[in-house]
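Below, each chain spelled out in residue letters.
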2 protein chains.
Amino acid sequence: MAVTIKDIAKKVGVSPSTVSRVVNGNTLISKETRDKIFAAMKEMDYHPNSLARNLANGSTHTIGLVIDAQDDNTFSNAFFNRSVYAIETVLQQNGYNLLITNDREDKNCSPVEKLILEKRVDGVILPSSSVTQKLINLLQKNDFPFIILGEPEIEKDETSWVDVDNLLGGEMAAKHLLDQGYGSIAFILENQATIFARNRVQGYRKALDENGCKVHTDYIIDCKGNCEAAYGAVRELMSLQEKPDAVLCANNVIAYQVLRALRDSLISVPEDMAVMSFDNYPFAEYMDPPLSVVDVDTFRLGEQAATDLIKKIQNANYENKQTMIATELIFRESTKRKK
Amino acid sequence: MAVTIKDIAKKVGVSPSTVSRVVNGNTLISKETRDKIFAAMKEMDYHPNSLARNLANGSTHTIGLVIDAQDDNTFSNAFFNRSVYAIETVLQQNGYNLLITNDREDKNCSPVEKLILEKRVDGVILPSSSVTQKLINLLQKNDFPFIILGEPEIEKDETSWVDVDNLLGGEMAAKHLLDQGYGSIAFILENQATIFARNRVQGYRKALDENGCKVHTDYIIDCKGNCEAAYGAVRELMSLQEKPDAVLCANNVIAYQVLRALRDSLISVPEDMAVMSFDNYPFAEYMDPPLSVVDVDTFRLGEQAATDLIKKIQNANYENKQTMIATELIFRESTKRKK
DNA sequence: TTGTATGCGTTATCAT
DNA sequence: ATGATAACGCATACAA
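Residues numbered from 1 in each chain as written. Chains lettered and ligands numbered in written order. Predicted model: local features only at pLDDT ≥ 70, side-chain atom pairs only at ≥ 80, totals over all residues. Heavy atoms only, no water.

Q: What is the right way to read the environment of asparagine 142 of chain B from this model?
A: Residue and element names in this part refer to chain B. Here asparagine 142 shows up in the loop between helix H8 (133-141) and strand S4 (146-149). Judged by its relative accessible area of 33%, asparagine 142 falls in the partly exposed class. Residues asparagine 142 and leucine 117, 25 residues apart in the sequence, show an inter-C-alpha distance of 8.7 Å. (Helix = DSSP H or I, 4+ residues; strand = E, 2+ residues; numbered from the N terminus. Buried < 20%, exposed > 50% of the residue type's maximum accessible area, 1.4 Å probe, protein only.)

Q: Which parts of the structure should I look at to understand the pairing of strand S8 (residues 246-249) of chain A?
A: Consecutive side chains of a regular strand alternate in pointing toward one face of the sheet and then the other. All names here are of chain A. Residues of S8 alternate between two faces, with Ala246 and Leu248 on one and Val247 and Cys249 on the opposite face, all of them buried. In the sheet, strand S6 (residues 185-189) pairs with S8 via four bridges, with the strands oriented parallel. The partner of alanine 186 across the bridge, within S8, is valine 247. As paired elements, S8 and strand S9 (residues 274-278) share four bridges and run parallel to each other. The partner of alanine 246 across the bridge, within S9, is alanine 274. Since S8 and S9 lie parallel, the crossover through helix H12 (residues 252-264) that links them has a hand, and here it is right-handed. (Pairing = 2+ DSSP bridges. Right-handed = clockwise from strand over helix to strand, strands pointing away.)

Q: Got a minute to help me understand the pairing of strand S11 (residues 322-325) of chain A in this structure?
A: Residues and elements named next belong to chain A. Only one face of S11 is covered, namely the one carrying Thr323 and Ile325; the face carrying Gln322 and Met324 has none of its residues buried. Where strand S5 (residues 161-164) meets S11, four bridges bridge the pair, whose relative direction is parallel. For valine 162, the partnering residue across the bridge sits in S11 and is threonine 323.

Q: Honestly, the interface of chain A and chain B in this entry has me stumped. Any pointers?
A: Note: interface size is frequently given as the accessible area lost on complex formation between the parts. Each side of the interface is counted separately: chain A has 52 residues, and chain B has 52 residues. Where chain A packs against chain B, one counts two salt bridges. When the shortest N-O distance is used, the salt bridge between arginine 104 of chain A and glutamate 88 of chain B registers 2.9 Å. At the junction of chain A with chain B, the criterion picks out 16 residue pairs in polar contact (both at pLDDT 80 or more). No other element matches helix H6 (residues 78-93) of chain A, which puts eight residues into the side of chain A that touches chain B. Across the side of chain A that touches chain B, the residue classes break down as 23 nonpolar, 16 polar and 13 charged. (Contact = heavy atoms within 4.5 Å. Salt bridge = Lys/Arg side-chain N within 4 Å of Asp/Glu carboxyl O. Polar contact = N/O pair within 3.5 Å; in protein donor to acceptor, adjacent residues only side chain to side chain. Nonpolar A, V, L, I, M, F, W, Y, C, P; charged D, E, K, R; others polar.)

Q: How should I be thinking about the protein's contact with DNA strand D in this particular structure?
A: Lining the immediate environment of DNA strand D, one finds 26 residues, of which Ile5, Ser20 and Tyr46 of chain A together with Thr18 and Arg21 of chain B sit closest. When atoms of DNA strand D within 4 Å of the protein are split into backbone and base, the sugar-phosphate part holds 64%. At 2.3 Å, a side-chain N or O of arginine 21 of chain B approaches a base oxygen of DNA strand D. Elements with a contribution of two residues or more to the surface near DNA strand D: helix H2 (16-23) and helix H4 (50-57) of chain A together with helix H2 (16-23) and helix H4 (50-57) of chain B. Split by residue class, the surface near DNA strand D holds eleven nonpolar, twelve polar and three charged. (Near = heavy atom within 4 Å.)

This is how it looks when you write it as structure tokens:
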């Protein structure tokens, strides 16, 4: 058996509660006995039993991070992983542990619901994709602290969330291309249906509008989840009467397909066509030519989420709050100024 | 306050212990009362309090996964993340939770030591890089179940670990190149000092030996952690009297630099020089030409680790065991047969 | 400043 | 088949 608070109480000749007070840094203790207790703790190699602590305090000092990985791809997502690193860092600094759980649908009770109902964690961070009305109801009914990673489709104003400022991202990318002298900008999307795609397109439209360019609907192409389709999309674009002189790609894989299609068509980048992408990972800088991108500091994303959640846990009245993390531009050869 | 075992005991008119038995699936209970209890549990929306359970049972049903991320790169490491996904999957299937902690050195007590000493977890998975004699001693002294991810430098035979079969990997890669008709194979390493690099080189040597090829020491170049140096390494190789006709690269970034250097020197791949790499991620298939690689199923790596750990936890006498996960070849254009 | 007593929610031992 | 009771290790309200 491990050494408990009682053991060291007996050794020093005080009561367990006195030891407990010392362990918890209660100041109303004579320096004399405190020192004796510390000495005994060290000598007997005492460490508080967190299980007992948790029960007595009714809290675990652990927060749950929910993942919605259908397959292992989500876990390989560098974008997401930097956020996780940030979350772990902030939690550790604040004395919290990080519990990660994949939200597989179980027969009766989902893993997330279990975490909450069985009080395994003090709060949760949810991806917007796993936000359901049922879950929100459960959380709110139990006054359970939570924060959402990504703008949710429902309950936007009644929840706290952190997201990338995708509208700004789309705007930034389009504006950069315009500034570089490209006036007819196509946009190849991964999946029109997602909220972040919608926001990016909105930003793109805004930039075009503000610069007096008309938005050519043929220029917006949806890969519908199949990024390989971007190859054919380029062919489509090149068969239009008014061809674009720049392509904005929703991610690195789409950009890769675009570059390949352009190369196969003997169209040079950026001379005949500028190419730009979102996200710096996994290989924008290793493309030929290296890609200019609009990226986001996902570390800050996770950091913000974790910080907000801790505040919520420690202050029940902490107001809901929505934060947008600003995007940034990384300028490389694929968008060199048009001559 | 949440509803407890007592509440439903009172409601049904039985003792708390009876309810506890039902919750735990004890069979020596009349079907009649069992049904009544189940009904009450449902009606009152009862969920067992894991904090109390943990204390009573002396276990948490949680395992700790230790990360040794100095920066956010480790977290972005797709290689590692697939293992994490596998670990989480296996744990969830077995009713365990996953706690992730970065092993930052703290003043007095490292986060990992805390997890163990405060009984926050029932077992730990450690990366070999964070295996120290001190930690091993602590674990062994406490009979604490653990398993190491990657062959450790110390206590190889007294611990359980799972690793990629890097010797096989090096052998497989070299043999593939030989089979394709390439007889003078260079090897550009990321960092000679690591145990996995040593094993890969050993496998490479073995394949050459077995095929009667002599190992040319000038052909083995160490980037000493700086992958950009691979660009210069190619120049070096091309200035040798006996030039190689194939280059084996320790990772994707080195391969990228090698391809770039070859392109700048107007050496075509694979006609004049075959190029091969380790690891399929993050962009081997998107290189020009697409790279042949020796890859490893890191899902299996994590799966094996988690499975072994659970066995250790559930059976204190479970013997130590070392497992090597076999590598596999992915054949692409960069090593097309030499004519 | 310190000790006593009680509770946190559950499990387990020993009864009956 | 079920109930009473103690125990898990710690925290805290109340006393002294």
